[in-house]
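Summary of the model geometry
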Amino acid sequence: MPHSPEEKKKVLARVKRIRGQCDALERALQAGADCGPVLQQIAAIRGAVNGLMSQVMEAHLREEFGQPARSEAQRAARVTEMSSLIRSYLK
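From a predicted model like this one, the values you see are computed outputs, not experimental measurements.

Next up on the list: the environment of R62. In this fold, R62 is placed in helix α2 (residues 35-65). We classify R62 as partly exposed; its relative accessible area is 42%. Only 2.9 Å separates the side chain of R62 from the side chain of E58, close enough to count as a polar contact.

Once that is clear, we can look at the pattern of salt bridges. Under the defined criterion, the tally for this structure stands at three salt bridges. Among the ionic pairs, R62 bridges to E7, the shortest N-O distance being 2.0 Å. Here E7 lies in helix α1 (residues 5-30) and R62 lies in helix α2, a separation of 55 residues in the sequence. Residue E72 pairs with R75 through a salt bridge whose shortest N-O separation is 2.6 Å. Placement of the pair is E72 and R75 together in helix α3 (residues 72-90), with a separation of three residues, close to one helical turn. Sharing partners across several salt bridges, the network here consists of E7, E58 and R62.

Reading the values: the criteria
Each residue is numbered by its place in its chain's sequence as written, counting from 1. Owing to the predicted nature of the model, reporting of local features is limited to residues with pLDDT of at least 70; listing and counting of side-chain atom pairs is limited to 80 or more, with chain, interface and lining totals taken over all residues. For side-chain calculations, the full set of non-hydrogen atoms in the structure is used, while hydrogens and water are omitted. Counting from the N terminus, the helices are DSSP H or I runs at least four residues long and the strands are E runs at least two residues long. Three labels apply to residues, based on accessible area from a 1.4 Å probe with only protein chains included: buried if under 20% of the type maximum, exposed if over 50%, partly exposed otherwise in between. Polar contacts here mean pairs of N or O atoms no more than 3.5 Å apart (in protein, one a potential hydrogen donor and the other a potential acceptor; neighbouring residues in sequence count only if both atoms are side-chain atoms). The rule for a salt bridge is simple: a side-chain nitrogen of Lys or Arg has to be within 4 Å of a carboxyl oxygen of Asp or Glu.

The structure is reproduced here in C-alpha coordinates:
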(Lines give C-alpha, C1' and ligand atoms only; values in the text may rest on other atoms or scores of the structure.)
Protein backbone atom coordinates (compact mmCIF):
# COMPACT_ATOMS: atom_id res chain seq x y z
CA MET A 1 0.00 0.00 0.00
CA PRO A 2 1.35 3.41 -0.87
CA HIS A 3 2.21 5.19 2.36
CA SER A 4 3.13 8.68 1.27
CA PRO A 5 0.21 11.12 1.17
CA GLU A 6 0.83 11.88 -2.51
CA GLU A 7 0.90 8.21 -3.56
CA LYS A 8 -2.16 7.45 -1.45
CA LYS A 9 -4.03 10.34 -3.09
CA LYS A 10 -3.15 9.05 -6.56
CA VAL A 11 -4.23 5.49 -5.74
CA LEU A 12 -7.52 6.64 -4.26
CA ALA A 13 -8.21 8.82 -7.32
CA ARG A 14 -7.58 5.81 -9.54
CA VAL A 15 -9.99 3.70 -7.46
CA LYS A 16 -12.66 6.39 -7.81
CA ARG A 17 -12.21 6.41 -11.59
CA ILE A 18 -12.54 2.61 -11.65
CA ARG A 19 -15.70 2.86 -9.56
CA GLY A 20 -17.09 5.33 -12.08
CA GLN A 21 -16.27 2.96 -14.93
CA CYS A 22 -17.99 0.09 -13.10
CA ASP A 23 -21.05 2.25 -12.49
CA ALA A 24 -21.16 3.13 -16.20
CA LEU A 25 -20.88 -0.56 -17.08
CA GLU A 26 -23.75 -1.39 -14.75
CA ARG A 27 -25.91 1.31 -16.33
CA ALA A 28 -25.07 0.02 -19.82
CA LEU A 29 -25.99 -3.53 -18.85
CA GLN A 30 -29.25 -2.38 -17.27
CA ALA A 31 -30.09 -0.42 -20.42
CA GLY A 32 -29.40 -3.45 -22.63
CA ALA A 33 -26.44 -1.94 -24.46
CA ASP A 34 -24.89 -3.76 -27.40
CA CYS A 35 -22.14 -6.28 -26.70
CA GLY A 36 -19.40 -4.29 -28.45
CA PRO A 37 -19.52 -1.23 -26.21
CA VAL A 38 -20.01 -3.42 -23.13
CA LEU A 39 -16.93 -5.47 -23.98
CA GLN A 40 -14.98 -2.28 -24.63
CA GLN A 41 -15.98 -0.94 -21.20
CA ILE A 42 -14.98 -4.23 -19.54
CA ALA A 43 -11.59 -4.05 -21.27
CA ALA A 44 -11.16 -0.45 -20.07
CA ILE A 45 -11.96 -1.51 -16.50
CA ARG A 46 -9.50 -4.39 -16.73
CA GLY A 47 -6.82 -1.99 -17.96
CA ALA A 48 -7.58 0.44 -15.14
CA VAL A 49 -7.39 -2.31 -12.52
CA ASN A 50 -4.10 -3.55 -14.00
CA GLY A 51 -2.77 0.01 -13.79
CA LEU A 52 -3.84 0.22 -10.15
CA MET A 53 -2.17 -3.10 -9.39
CA SER A 54 1.01 -1.93 -11.09
CA GLN A 55 1.04 1.35 -9.17
CA VAL A 56 0.55 -0.34 -5.79
CA MET A 57 3.09 -3.05 -6.62
CA GLU A 58 5.66 -0.43 -7.61
CA ALA A 59 5.15 1.42 -4.33
CA HIS A 60 5.51 -1.85 -2.44
CA LEU A 61 8.72 -2.70 -4.30
CA ARG A 62 10.21 0.71 -3.50
CA GLU A 63 9.28 0.32 0.15
CA GLU A 64 10.48 -3.26 0.52
CA PHE A 65 13.63 -3.11 -1.57
CA GLY A 66 14.55 0.54 -1.19
CA GLN A 67 16.56 -0.32 1.89
CA PRO A 68 18.98 -3.19 2.45
CA ALA A 69 17.65 -6.26 4.20
CA ARG A 70 18.67 -6.68 7.83
CA SER A 71 19.47 -10.34 7.27
CA GLU A 72 19.63 -13.03 4.64
CA ALA A 73 16.38 -14.44 6.03
CA GLN A 74 14.62 -11.10 5.59
CA ARG A 75 15.94 -10.82 2.03
CA ALA A 76 14.68 -14.31 1.23
CA ALA A 77 11.28 -13.52 2.76
CA ARG A 78 11.01 -10.34 0.67
CA VAL A 79 11.83 -12.21 -2.52
CA THR A 80 9.33 -14.97 -1.70
CA GLU A 81 6.60 -12.42 -1.00
CA MET A 82 7.26 -10.52 -4.23
CA SER A 83 7.36 -13.74 -6.24
CA SER A 84 3.97 -14.67 -4.84
CA LEU A 85 2.54 -11.23 -5.59
CA ILE A 86 3.83 -11.30 -9.14
CA ARG A 87 2.46 -14.81 -9.70
CA SER A 88 -0.99 -13.74 -8.52
CA TYR A 89 -0.77 -10.57 -10.63
CA LEU A 90 -0.01 -12.56 -13.78
CA LYS A 91 -2.95 -14.98 -13.39
